[in-house]
Amino acid sequence: MPHANKAAAGKIAFPEELKTRLKSFITERCGLYFRDHDMRGLEDALVERIISLGMDSAVTYYSYITNPDHREDELRELLNKLTITHTYFFRNEPQFKALREKILPEIVERKTHSQTRCVNIPGLDQASEKPSIRIWSAGCSTGEEPYSIAMTVLDVISDIDNWDVQIIATDASTEAIDRARHGIYGKTSVKPVDRKHAERYFTVKDSGENGERYAINSEVKKMVTFGFHNLMADDFPGGFDIIFFRNVAIYFDLETTIKIMAKMYSGLKDSGYLLIGYSESLYFMQDKFKMIDWEEAIYYRKTATGEEKHFEIPISPSDKSRTVDEVLENISRAERAATLEAEASKTKPPQKNIEELLVRATKLYHMKDYTKAISVLKEAISANRDSVDPYYLEAQVYVNMSKFREARDSLAKALAKDRMFAPAYYLLGCISMEESLFDSAKESLKKAIYINKDFPLAHFYLAHTYRSEGKASDAIREYRNAIKLLSEAKSDDILAYGGGFDTAAFIGACRDNIERLKMEN
Amino acid sequence: MSIRKILVVDDSQTQKNIYREILTGAGYKVDIANNGVEGLEAARTIQPDVIITDISMPLMDGIEMVKILKKDERTKYIPIICASATFQDIGTKMKALLDAGAEEYFYMPQDRLELLAKVSVMLRIRTIYNDLLEKNRQLKQFNDASVGRELKMIELKDKITELEKKLASRK
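Residues numbered from 1 in each chain as written. Chains lettered and ligands numbered in written order. Predicted model: local features only at pLDDT ≥ 70, side-chain atom pairs only at ≥ 80, totals over all residues. Heavy atoms only, no water.

### Regarding the interface of chain B and chain A
Counting from both sides, the interface comprises 28 residues of chain B and, opposite them, 29 residues of chain A. Summing both partners gives a buried area of about 2300 Å² for chain B against chain A, and 52% of it is carried by carbon and sulfur. For chain B, the biggest contributors to the area lost against chain A are B:Gln13, B:Glu21 and B:Arg112; these three give 28% of the whole. Taken together, chain B and chain A are joined by five salt bridges. The partner of A:Lys368 in a salt bridge is B:Asp11, with the nearest N and O atoms 2.8 Å apart. Along the contact surface separating chain B from chain A lie 12 residue pairs in polar contact (both at pLDDT 80 or more). (Contact = heavy atoms within 4.5 Å. Buried area = accessible area lost by both parts, 1.4 Å probe. Salt bridge = Lys/Arg side-chain N within 4 Å of Asp/Glu carboxyl O. Polar contact = N/O pair within 3.5 Å; in protein donor to acceptor, adjacent residues only side chain to side chain.)

### Some words on the nonpolar core
Formed by 102 residues in total, the largest nonpolar core has its most connected members in A:Phe245, A:Tyr426, A:Phe460 and B:Leu23. Looking at this core element by element, the count peaks at nine residues for helix α18 (residues 422–434) of chain A. Here this core gathers at least three residues from each of two domains, domain 2 (93–302) and domain 4 (349–520) of chain A. If we skip the residues at most four places from it in the chain, B:Leu23 touches B:Ile6, B:Val8, B:Tyr28, B:Val30, B:Ile52, B:Leu116 and B:Val119. By size, the runner-up hydrophobic cluster in this structure holds 44 residues, among which are A:Ile167, A:Tyr201, A:Phe226 and A:Tyr273. (Core = buried A, V, L, I, M, F, W, Y, C linked by side-chain atoms within 4.5 Å. Buried < 20%, exposed > 50% of the residue type's maximum accessible area, 1.4 Å probe, protein only. Helix = DSSP H or I, 4+ residues; strand = E, 2+ residues; numbered from the N terminus. Domains from an automatic or database assignment.)

### Concerning the confidence of the model for chain A
Residues and elements named next belong to chain A. Of the residues in chain A, 76% have a pLDDT of 70 or more, and the chain-wide mean is 78. Highest mean pLDDT in chain A belongs to helix α7 (residues 144–156) (96); lowest belongs to helix α13 (residues 324–346) (52). Low confidence marks residues 118–127, where pLDDT is under 50. Its contacts with residues over four positions away, or in another chain, come to three contacts. A low-confidence stretch, residues 306–328 (pLDDT under 50), is modelled with 32 contacts involving residues beyond four sequence positions or located in other chains. (pLDDT = per-residue confidence, 0-100.)

### Re a nonpolar patch on the surface
Side chains of B:Val147, B:Leu151 and B:Ile154 sit close together on the surface and give an oily, nonpolar patch of about 280 Å² of accessible area. Topologically, B:Val147 is positioned in helix α5 (residues 112–170). (Patch = residues over 30% accessible without salt bridge, like charges linked within 9 Å, V, L, I, M, F, W, Y side chains within 5 Å. Areas by Shrake-Rupley, 256 points an atom, 1.4 Å probe, with all protein chains shown as cover.)

### Here's the deal with the sheet that holds strand β3 (residues 184–185) of chain A
Residue and element names in this part refer to chain A. As summarised here, the arrangement of the three strands in space is β3-β5-β4, forming an open sheet in which the pairing is antiparallel. Each having just a single partner strand, β3 and β4 (202–206) make up the two edges of the open sheet. Where β3 meets strand β5 (residues 212–216), two bridges bridge the pair, whose relative direction is antiparallel. If you follow Ile-184 over to β5, its bridge partner there is Ala-215. (Pairing = 2+ DSSP bridges.)

### Some words on helix α4 (residues 58–65) of chain A
Residues and elements named next belong to chain A. Those residues of α4 that sit buried are Ala-58, Tyr-61, Tyr-62 and Ile-65. In an axial view of α4, the angular spread of the buried residues amounts to 100 degrees, which keeps them on one side of the axis. Two or three places before Val-59, at the start of α4, stands the capping residue Ser-57, its side-chain oxygen 3.3 Å from that residue's backbone nitrogen. (Arc of directions from axis to C-beta.)

### A word on the environment of A:Thr66
All names here are of chain A. Within the fold, Thr-66 resides in the loop between α4 and α5 (71–83). Sequence separation between Thr-66 and Ile-26 is 40 residues; the distance between their C-alpha atoms is 9.8 Å. In this structure Thr-66 touches Phe-25 and Arg-71, once residues within four positions along its chain are discounted. In terms of polar contacts, Thr-66 uses its side chain to reach the backbone carbonyl oxygen of Tyr-62, at 2.7 Å. Of note is the side chain of Thr-66, whose polar atom sits 3.4 Å from the backbone oxygen of Ser-63.

Here is the structure:
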């Protein structure tokens, strides 16, 4: 905090009651959880915000941040203060690897190709027709992400002068943007940068008491254009080849995120790429993007307009007057219609046979006659090789027999049929957990959530994984996510994949575990 | 009191996961075994305070396991709850389990609070068993000691008689 504010800071009264309410408000909205020793940091951030807003009391601030008119903006400002240290260069390295080895090469190849054709047209001014690549880093925070993108672009495109590369980086925090433009970073955020990039693109500055500082070089800096942009605003930039939208959605509620995702879709060129973080999800838009699961990375590619039948999401300015509920209702109606249509076209005579076999196998599974269940399932598989269901059930049977290798095989086959079959990732996660492979358990469970955000059990077991690793605050966040999703169901519903317990039982278990984790930490 | 340990014996992956979450949330330490054979082994080595077991499982089912546990000195005082989805013949199975020595049972669809309540009843039983065992041990110790004292007395009396005889013979 700047020294000038220190005197003012002392004057802000902070009743305990209010602190608690603010804490639970933030936790509820963003799943960010504060342990006792985090409270100091939260308080500092709050005081800093209160002063920046020119307010003189915490009560005024509380009514400001809870007011729907500026709730999202303010939360974001506040969270920027709280989470700013979590940002670093090349965050989610696998995605940057994909950018370097798959995405950019594909775009370069495609654009070079079309450029050659353009040049052949007589009379065209070559100089103004450099092939262009437009990349948007949405929610760029203090600039680590767009600069990492710029460095990756420089890795891939050696003749950068022959290209028109625009990297647009926006954020709703002016303070973050100022820092991004400055381009000076501390040791921790630069740590993941490998030596080659560090030597080439950074200059070490020694600034005494704060230790070494690293300044990003102008070669990289000039490639990025920073600007203020609120993702909830109606005007949205467009024409992008790649959009990065990572770890931003946690600041927004569901409705807002859905709107933003729809705008992201419109802002991408056909076949453009979307890179989202684990906290983001495609929300109802699975069929508008193709998921690409390459090595450790997951990213999405917009399906070309008209290439695939899909429902329209109303996002044009004329829809401004619509309420969120109406928009959501439209989306789900369209989705339902599309599903029904797809189901109707799928129903063919052989399907009936497999359904009967599945019912039989399920019964045997519940009666724990596993050997017979497997043989019925083999029959079902040979009856219809396209269905994922028998493979999934087979995997469940194998899991219960503790035959994990066989279960993994069945799930691999299910995923080969349908890459977007979330329960398969969920079960893979459970298997990894059984084998104490926490990292791959998390990876799989996150994939399940990626594909189907409405999968409370995946959050539930993700929480367990975090707890097993001793990561209490992550575990609490996931228990909360599970509660949020479970609360949307009727409390006496028997949960799918829930082993005979109703949703109330799961919610109760989540609450108990949150309390316990709080007590223990 | 130290943290109470609960052993869950179940082959169903979903089932054991939810048990674990519910019981961990309630503050118990949870161990999992995948079938009767693993259950036996775990009960002997872990010495849990309560066992929750499924009925039908591969390798060794619940009834078989309960029978063995209840015959073994090392495990016979661990209360057992049998849990199962309802199926045909469940009544007969449950009776067989109680006959084999299980203390409690319940059916699905299951209720979390009911499960926790039953677990705490079983823990009370466990405490009573433990107290009883401890008292028995103390009693035995006391018994042994008093028997020992009696033997010593007899021994001493013998010595006295002997000495008296010796004294008498010197006169």
